[in-house]
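Letter by letter, the chains look like this.
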Amino acid sequence: ETGVTQTPRHLVMGMTNKKSLKCEQHLGHNAMYWYKQSAKKPLELMFVYNFKEQTENNSVPSRFSPECPNSSHLFLHLHTLQPEDSALYLCASSQEPIQGLILFEEKLFFGSGTQLSVL
Amino acid sequence: SQQGEEDPQALSIQEGENATMNCSYKTSINNLQWYRQNSGRGLVHLILIRSNEREKHSGRLRVTLDTSKKSSSLLITASRAADTASYFCATEAGYSTLTFGKGTMLLVSP
């Protein structure tokens, strides 16, 4: 195991449902990420949190709402999703170096993902 | 876009053979990383090579980097059925977050 736990592993939801994905990392990292993986597409970065602050939002639709209450937990709240949102949602964490002191060499540790199906 | 492009998209070999996957990218990088993903699971970091390095080894893995051609290769020697997975390259440039390619699906048959 990588030390990053995602729940649930599978989720089926209708377009009017509200659900949340949960991610927890046990590695003491300070950065957490949400990625979307669709078939035959590159991994798409959705959100980045560094020390609980959102540092990146890759033009993600507002029907995806992230929440990072602390450095160990990350949520992705879902509502009124579309069928094209069906994908594997991956959470990752890394230990971000301090800018200017050492080289950036972020190695990502991924959870097993949540396979989401929107009907 | 910085994202890497893996080649081939799919590769099928027999156990014991070597598997070579390639990655090309577009702009200068700090480092390039290779990840592996078993079906329906998360990605696992395999190896990182810095822009000032040309070759790196880890067990049966050998990674090369040619910054003049903006390309990298991952060689898995003496492959095993358990090596069956998708392999992704990811590039880190400037202060940007890692950018991943579409991956190469490797099938190793017993």
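Before going into details, it helps to say that this report is about the structure given with it. All figures in this text were calculated on a predicted structure; none of them were measured in a lab. The residue numbering used here restarts from 1 in each chain and proceeds along that chain's sequence as written. For this description, chains carry letters from A and ligands carry numbers from 1, given in the order in which they are written. Totals for whole chains, interfaces and linings use all residues, but because this is a predicted model, local features are given only for residues with pLDDT of at least 70 and pairs of side-chain atoms are given and counted only at 80 or more. Where side-chain values are given, they derive from all heavy atoms of the structure, hydrogens and water being excluded.

A short note on the sheet that holds strand S8 (residues 71-76) of chain B
Residues and elements named next belong to chain B. For two strands to be treated as a pair, DSSP must find no fewer than two bridges joining them. Working definition: helices are DSSP H or I runs of at least four residues, strands are E runs of at least two. Numbering for both runs from the N terminus. What the five strands build is an open sheet, ordered S1-S3-S8-S7-S6; its pairing is antiparallel. The open sheet has two edge strands, strand S1 (5-7) and strand S6 (55-58), and neither has a second partner. For this sheet, the mean angle separating the axes of adjacent strands, direction not counted, is 20°. Direction of pairing for S1 relative to strand S3 (residues 19-24): antiparallel, over a ladder of three bridges. Looking at the pairing, Glu6 lines up with Cys23 of S3. To get an axis, a line is fitted to the C-alpha atoms, and for a helix only the part in contact is used. The angle between two axes follows their N-to-C directions and goes from 0 to 180 degrees.

Some remarks on the state of the cysteines
A pair of sulfur atoms, both from cysteines and within 2.5 Å, is called a disulfide here. Throughout the structure, instances matching the rule amount to two disulfides over all chains. Each sulfur in the disulfide pair Cys23 of chain A and Cys91 of chain A lies 1.9 Å from the other. On the sign convention where negative is left-handed, the bridge of Cys23 of chain A and Cys91 of chain A, at about -75° about the S-S bond, is left-handed. Remark: Cys91 of chain A occurs in strand S9 (residues 87-94) and Cys23 of chain A occurs in strand S3 (residues 18-25); sequence separation between them is 68 residues. A disulfide bridge connects Cys23 of chain B with Cys89 of chain B, and the sulfur atoms are separated by 2.0 Å. Negative torsions about the S-S bond denote left-handed disulfides, and the value of about 65° found for Cys23 of chain B with Cys89 of chain B makes this one right-handed. Taken together, the positions of Cys23 of chain B in strand S3 and Cys89 of chain B in strand S9 (residues 85-92) put the pair 66 residues apart, joining distant regions of the chain. For the pair Cys23 of chain B and Cys89 of chain B, one class covers both residues: buried. In this structure Cys68 of chain A is a free cysteine whose sulfur lies 9.0 Å from that of Cys91 of chain A, the closest cysteine sulfur available. Here's how the labels work: a residue is buried when its accessible area is under 20% of the maximum for its type, exposed when over 50%, partly exposed in between, all with a 1.4 Å probe on protein chains only.

Brief notes about the interface of chain B and chain A
Chain B puts 21 residues into the contact, and the matching count from chain A is 23 residues. Where chain B abuts chain A, roughly 1900 Å² becomes buried across the two surfaces, and 54% of that area is made up of carbon and sulfur atoms. Each salt bridge in this description consists of a side-chain nitrogen of Lys or Arg and a carboxyl oxygen of Asp or Glu lying within 4 Å of one another. Applying the counting criterion to the chain B and chain A interface returns zero salt bridges. Think of a polar contact as two N or O atoms within 3.5 Å of one another; within protein, one of them needs to be a possible hydrogen donor and the other a possible acceptor, and neighboring residues in sequence only count if both atoms come from side chains. The tally of links between chain B and chain A comes to three residue pairs in polar contact (both at pLDDT 80 or more). Elements that contribute at least two residues to the side of chain B that touches chain A include exactly strand S4 (31-37), strand S5 (43-50) and S9 of chain B. Any two residues whose heavy atoms approach within 4.5 Å at even a single point are treated as in contact. Summed over both partners, buried area is the accessible surface (1.4 Å probe) that two parts give up on being assembled.

With respect to the layout of surface pockets
To find the voids left in a structure, one rolls a probe of water-molecule size over its atoms. The space that makes up the largest pocket amounts to roughly 660 Å³. Points on a 1 Å grid over protein atoms alone make up a cavity when a 1.4 Å probe fits among them but cannot get out, and a pocket when they form an open set with protein on both sides within 12 Å along at least five of seven lines; lining residues each have an atom within 4 Å of a point. In this structure, the largest pocket is lined by 26 residues; those nearest its centre are Ala39 and Lys40 of chain A together with Ser86, Lys102 and Met105 of chain B. Residue assignment for the lining of the largest pocket shows that the elements contributing at least two residues are S9 of chain A together with S1, S9 and strand S11 (104-109) of chain B. Three classes are used: nonpolar for Ala, Val, Leu, Ile, Met, Phe, Trp, Tyr, Cys and Pro, charged for Asp, Glu, Lys and Arg, and polar for all others, with Gly counted as polar. When its residues are assigned to classes, the lining of the largest pocket shows eight nonpolar, 13 polar and five charged. Grid points are joined across faces, edges and corners, and a volume is the space filled by probe spheres set on the points.

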